[in-house]
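Inside the fold
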Amino acid sequence: MQKERLKKYAELIVKCGLNVQEGQEIIVRCGLDQPEFITMVVEECYKRGAARVKMEWLHMPITKLNYLYRTEETLSEVTEVEIAEWERRLKKSTCILFIDSDDPDGLSGTDSGKISRSDMARFPIIKPYRDALENKYQWCIAAVPGKEWAHKVFPDLPIDEAMEKMWEAILSTARVDSDPIKAWDEHNKNLAKRCKFLNDYKFASLEYKSANGTDFKVGLNPKGMFHGGGEYTLGTNVYFNPNIPSEEVFTSPMRGLAEGKVVATKPLSYQGKLIENFWVRFEGGKAVEVYAEKNMDVLEKMISMDEGAAYLGECALIAHDSPINNTGILFYSTLFDENASCHLAFGRGFNECLEGFENMTVEECQKAGINSSMIHVDFMIGSEDMSIVGVTKEGERVTIFKDGNWAI
Ligand code: ZN
């Protein structure tokens, strides 16, 4: 891959993704797959005036060893060092950059019950920090190719070719062409227009239908707002793009209002395992029945992690005719696959999707219908024939999606 193009990508991540501010601290969390590229990113951070860049290198085979060999007790522990780290993040409003290259099957063979239980044990200790930091710092998730991931996506190609193809897919979907920053400005404007249309209508519900069996209705929050593309940090008002790539316009639905069946249209990678060919039936906002051809136990465990895990935290609209879907590639990665297709998410909702959230406590947001959970897991339901109708409080019906694409 040409160095110049990679440099543009590193610049895009730091300027447009994180929008690093003079004097800020940054944590970069990434795998060992692309150290040269990560070095470019770190240099870009310093050029933008970062005060300190802290690396957190992860290696999936070692993460797997931790899950295999460590006891549930040690996995559940939140150490003094971690607490100190959270305290520092709070004090410094540290930016966080995730650069993903993980093997989608990298944790297969581990005990998902043990992982879930230890996550559950850690959650109450971490939650106050997470709540206090919510929307107050810039963060960004972007991706680089890893060998195992490339092999999973292109199993028939020699590894060098597969890696090259992954780079091309990642860079083209991130709009890294002649002027990526300008391309993102335009893209963000387009997403903002769609949000405005939906927000002006104030739909009470959305009705989804597809020939694959999806027949589903979700209630929206009367104070809900759709967002898409870049967002602003609370207090400091820094504009950043949390996902590169991003194609979605999304909101948090009203907790308790979801009825009917949704059929997933892509497999879901969760805790390093692939849940395949599955559907979910909702009643009173809650997933009351699930089925999966593969890894159904992982799906069942996931939605019983806590009380909110079986409720919805997000519904996102993405055209079937999207740059990511048009690559024809199944990435086995939520960052890409969630931006290829309309999706829902189990678990935690987004407080910033509520009008006036700036002046509300986390508890008030939850009372107003934003779901709370330790998990937030997207699953894809968009299809080429999907129709979505928005219904207003007065009963007016507006076609929002027709044949899988935006109708507005
Ligand atoms: Zn989403």
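For the structure itself, consult the block above.
Every value quoted in this text rests on a predicted model; they were computed, and no experiment measured them.

What follows is about the overall build of the protein chain. A tally of regular secondary structure across the protein chain gives 13 helices and 20 strands. Scaling as 2.2 N^0.38, a compact globule of 408 residues should have a C-alpha radius of gyration of about 22 Å, and the protein chain matches this with 20 Å. Projected onto its principal axes, the C-alpha positions of the protein chain cover 55 × 50 × 50 Å. Residue burial in the protein chain is summarised as follows: out of 408 residues, 52% are buried.

What follows covers the sheet that holds strand S10 (residues 249-251). Judged by pairing direction, the sheet is antiparallel, and its five strands sit side by side in the order S7-S10-S15-S16-S17 without closing on themselves. In the strand order of this sheet, the two ends are held by strand S7 (227-228) and strand S17 (376-380), each with one partner. Alignment of strand S16 (residues 343-347) against S17, held across five bridges, turns out to be antiparallel. Among the inter-strand pairings, glycine 347 is bridged to a residue of S17, identified as histidine 376. Across the face of the sheet, helix H9 (residues 180-201) comes into contact with S7, S10 and strand S15 (312-317) while running at roughly 40° to S10.

Glancing now at the packing of helix H5 (residues 80-92) against helix H6 (residues 112-133). Any two packed helices are characterised by how steeply their axes cross, that is the angle between the axes, and by the distance between the axes. Two elements in contact, H5 and H6, have axes separated by 10 Å at closest approach and are oriented at 10°. As the angle between them shows, H5 and H6 are arranged roughly parallel. Counted together, Glu82, Ile83, Trp86, Glu87, Arg89 and Leu90 of H5 and Arg122, Ile125, Ile126, Tyr129, Arg130, Ala132 and Leu133 of H6 form the full contact between these two elements. Residues belonging to the contact of H5 with H6 are distributed by class as follows: eight nonpolar, no polar and five charged.

Six octahedral donors at a metal ideally form angles of 90 or 180 degrees, and four tetrahedral donors ideally form angles of 109.5 degrees. For the zinc ion, the full set of protein donor atoms is Glu248 (OE), Glu314 (OE), Glu338 (OE) and His343 (NE2), at a range of 2.0 to 2.7 Å. Donor residues for the zinc ion sit on one chain with the sequence pattern E-x65-E-x23-E-x4-H. Of this pair, glutamate 314 sits in strand S15 while glutamate 338 sits in the loop between helix H12 (334-337) and S16, and the two are 24 residues apart along the sequence. Taking relative accessible area as the criterion, glutamate 314 reaches 1% and is therefore assigned buried.

A word on the pairing of strand S19 (residues 397-402). Across four bridges, the pairing between strand S18 (residues 387-391) and S19 is antiparallel. The partner of glycine 390 across the bridge, within S19, is valine 398. The loop that links S18 with its antiparallel partner S19 comprises five residues; one of these, glycine 395, has a positive phi angle of about 95°. Of the pairings in the sheet, the one linking S19 to strand S20 (residues 405-406) comprises two bridges and is antiparallel in character. Looking across to S20, one finds that lysine 402 is bridged to asparagine 405. Hairpin connection between S19 and S20: a loop of two residues separates the two successive antiparallel strands, and aspartate 403 in this loop has a positive phi of roughly 50°.

What follows concerns the sheet that holds strand S3 (residues 95-100). The strand order across the open sheet formed by four strands is S2-S1-S3-S4, and the pairing between neighbours is parallel. Pairing within the sheet leaves two strands with one partner each, and these edge strands are strand S2 (52-57) and strand S4 (139-143). Ignoring which end each strand starts from, the neighbouring axes of this sheet average 15° apart. Judged from the six bridges that link them, strand S1 (residues 25-30) and S2 form a sheet pairing that is parallel. The residue bridging valine 28 from the neighbouring strand is methionine 55, located in S2. Contacts between H5 and the sheet are confined to S1, S2 and S3, with S1 contributing the most and set at about 130° to the helix.

Take the packing of aromatic side chains next. What the rule picks out here adds up to 17 aromatic pairs. Ring centres 5.2 Å apart and planes at 50° place the aromatic pair phenylalanine 197 and tyrosine 201 in the tilted group. Taken together, the residues phenylalanine 197 and tyrosine 201, both in helix H9 and four residues apart, mark about one turn of the helix. For tyrosine 201, a relative accessible area of 28% corresponds to the partly exposed category.

About the cut-offs
By convention here, each chain's residues receive numbers from 1 onward along its written sequence. For a predicted model such as this one, the threshold for reporting local features is a pLDDT of at least 70, and the threshold for listing and counting side-chain atom pairs is 80 or more; totals across whole chains, interfaces and linings nevertheless cover every residue. Processing note: side-chain calculations cover all non-hydrogen atoms of the structure and skip hydrogens and water entirely. Only DSSP runs of H or I with at least four residues qualify as helices, and only runs of E with at least two residues qualify as strands; both kinds are numbered from the N terminus onward. Note on method: radius of gyration uses C-alpha positions; expected globular size equals 2.2 Å times residues raised to 0.38. Remark: exposure states derive from per-residue accessible area (1.4 Å probe, protein chains only) relative to the maximum for the residue type, with buried under 20%, exposed over 50%, and partly exposed in between. Whether two strands pair comes down to DSSP finding at least two bridges between them. In this analysis, two residues are considered to be in contact whenever any of their non-hydrogen atoms come within 4.5 Å of each other. Fitting a line to C-alpha atoms yields each axis, with helices limited to the stretch in contact; the angle taken between N-to-C directions then spans 0 to 180 degrees. Throughout, the term roughly parallel applies to angles under 35 degrees, roughly antiparallel to angles over 145, roughly perpendicular to angles from 65 to 115, and oblique to all others. In this count, Pro and Cys sit with the nonpolar residues alongside Ala, Val, Leu, Ile, Met, Phe, Trp and Tyr, while Asp, Glu, Lys and Arg are called charged and the others, Gly among them, polar. Only N, O and S atoms count as donors, using a 2.8 Å cut-off from the metal and 3.2 Å for Na, K and Ca, and because water is excluded some sites may appear unfinished. A pair of aromatic rings is counted whenever rings of Phe, Tyr or Trp (Trp by its six-membered ring) have centres within 6.5 Å, and the orientation is called stacked for planes under 30 degrees apart, edge-to-face for over 60 and tilted otherwise.

Interpretation note: all reported values are geometric properties and have no functional meaning in isolation.
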